[in-house]
Amino acid sequence: MDLLDLLHQTVSSPWVYLAIFAIAVLDGFFPIVPSETAVITAGVFAASGTPYLPAVIVVAAAGALVGDHVSYAIGRAGGSRLLDRLPAGGKRRAGVEWARRGITLRGGLILTVARYVPGGRTAVTLTMGAVGYPRRRFTAFDALAAGSWGLYSALVGYLGGLAFEQDPLRGLLLGLGLALTVTVVVEAVRVLRHRAKRGRPASERSPEAVR
C-alpha cells in the first residue's frame, strides 16, 4: 500500500507531465525506456481526476513526436552505415529489414503499425532517416502515429482506472494486459502475413516482394 500511495503522489504531481514527455522522447531513440507503461499508469490515475487526461494525451504524443524526430535525425546523419553493420541473422537486423520492406511497400503508414510491434518504432524511424525519406512526409505521418499512440495508451489506462476505481493496482494491471494483448495480436498478424507471402509462388508475389 505504501508503494501505491507513492505512485499516486507521483502521478498527482504537476511534474508528471514533464516526466511523461521526457520518457516518451527518450523511448524514440532509446527503446528500453517504458513510455507506454508510463502513459498507461497516468491514464489509470486520471480516472480519479488527477492527472488531467487530455494533458496526458497531449504531452505523450508531443514527446513521441520529438523522440521520433531525434531517431530520424540520427538515421539521416549516418544511420545507413550503422544499420548495415548490424550482424546478419540477428533480431535487430531482421527489424531493420522489415522496416525497409514496409517503407517501400506502404510508405509512412508503417509508422503507425510500428508503434505496436516490439522494437519496430525505432527501427522504422532510424531507417526512414537513413534512406532519406522526405522530412515533411515523415512529420505528417508521424504526427498521426504519435497522436493515435498517445490517445490509445492513455485511454487504455483510463478504462482500467474506471473499471477498478477503488483499486488502482488492478486497473493498472488491466491496462497493461490490454496493451500487451493488442501488441501480441498485431505481431501475430504481421508474422502470419509474412509467412503467407513467403509461401506463395514467386509469380504471385508483388514486384517488391520478389526483389
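Note that the coordinates shown come from a computational prediction; the quantities given were computed from them, not determined experimentally.

A word on the overall build of the protein chain. Within the protein chain, the regular secondary structure consists of eleven helices and zero strands. Order of helices (α) and strands (β) in the protein chain, N terminus to C terminus: α-α-α-α-α-α-α-α-α-α-α. With 211 residues in all, the protein chain has 38% of them scored as buried. Across the protein chain, every contact between residues at least 6 apart in sequence was considered, and the portion connecting residues at least 24 apart equals 75%.

This next bit is on the pattern of salt bridges. Scanning the model with the defined rule gives four salt bridges in all. Taking the shortest distance from any N to any O, the salt bridge between Arg 115 and Asp 68 comes out at 2.1 Å. Placement of the pair is Arg 115 in the loop between helix H7 (109-114) and helix H8 (120-130) and Asp 68 in helix H4 (residues 53-76), with a sequence separation of 47 residues. Asp 68 sits in the buried class, given a relative accessible area of 0%. Here Arg 115 and Asp 142 are joined by a salt bridge, their closest N and O atoms 3.3 Å apart. Residue Arg 115 is located in the loop between H7 and H8, and its partner Asp 142 is located in helix H9 (residues 135-163); the two are separated by 27 residues in the primary sequence. Residues joined in a network through salt bridges with shared partners are Asp 27, Asp 68, Arg 115, Arg 121 and Asp 142.

The next point concerns the packing of H4 against H8. Across the interface, H4 lies against H8 with an axial gap of 6 Å and an inter-helix angle of 50°. Taken together, the axis directions place H4 and H8 in an arrangement best described as oblique. H4 and H8 meet at a crossing whose hand is right-handed. Contact residues: H4 offers Ala 64, Asp 68, Ser 71, Tyr 72, Ile 74, Gly 75 and Arg 76, while H8 offers Arg 121, Thr 122, Thr 125, Leu 126, Met 128, Gly 129 and Ala 130. A class-by-class count of the residues in the contact of H4 with H8 yields six nonpolar, five polar and three charged.

Okay, a nonpolar patch on the surface next. On the surface, Leu 26, Phe 29, Phe 30, Ile 32, Val 66, Val 70 and Ile 74 cluster together to form a nonpolar patch covering roughly 590 Å² of accessible area. Of all the secondary-structure elements, those providing two or more residues to the nonpolar patch are helix H2 (16-29) and H4. A total of three residues in the nonpolar patch trace back to one element, the largest contributor, which is H4. Its place among the elements puts Phe 29 in helix H2. Taking the relative accessible area as the measure of exposure, Phe 29 reaches 32% and is therefore partly exposed.

Turning our eyes to something else, we now look at the nonpolar core. Core analysis: the largest hydrophobic core is formed by 17 residues, its most contacted members being Ile 20, Val 39, Leu 53, Val 56, Ala 60, Trp 149 and Ala 154. Among the elements of the structure, H2, helix H3 (35-46), H4 and H9 are those that each provide at least two residues to this core. The element best represented in this core is H4, accounting for six residues. What Leu 53 contacts, discounting residues up to four positions off in sequence, is Ala 46, Ala 154, Leu 155 and Tyr 158. Core analysis: the second largest hydrophobic core is formed by ten residues, Val 124, Met 128, Phe 138 and Ala 145 among them.

Under the relative-accessibility criterion, Arg 115 is labelled buried at 9%. Apart from the residues within four sequence positions on either side, Arg 115 is in contact with Ala 64, Asp 68, Arg 121, Asp 142, Ala 145, Ala 146 and Trp 149.

On to the confidence of the model for the protein chain, then. The predicted model of the protein chain has a mean per-residue pLDDT of 78, with 73% of residues at 70 or higher. Per-element mean pLDDT across the protein chain ranges from 40 in helix H11 (residues 207-210) up to 94 in H4.

Analysis parameters
- Residues numbered from 1 in each chain as written.
- Predicted model: local features only at pLDDT ≥ 70, side-chain atom pairs only at ≥ 80, totals over all residues.
- Heavy atoms only, no water.
- Helix = DSSP H or I, 4+ residues; strand = E, 2+ residues; numbered from the N terminus.
- Buried < 20%, exposed > 50% of the residue type's maximum accessible area, 1.4 Å probe, protein only.
- Contact = heavy atoms within 4.5 Å.
- Salt bridge = Lys/Arg side-chain N within 4 Å of Asp/Glu carboxyl O.
- Axes fitted to C-alpha atoms, helices over the stretch in contact; angles between N-to-C directions.
- Parallel < 35°, antiparallel > 145°, perpendicular 65-115°, else oblique.
- Left-handed = near helix turned anticlockwise from the far one by under 90°.
- Nonpolar A, V, L, I, M, F, W, Y, C, P; charged D, E, K, R; others polar.
- Patch = residues over 30% accessible without salt bridge, like charges linked within 9 Å, V, L, I, M, F, W, Y side chains within 5 Å.
- Areas by Shrake-Rupley, 256 points an atom, 1.4 Å probe, with all protein chains shown as cover.
- Core = buried A, V, L, I, M, F, W, Y, C linked by side-chain atoms within 4.5 Å.
- pLDDT = per-residue confidence, 0-100.

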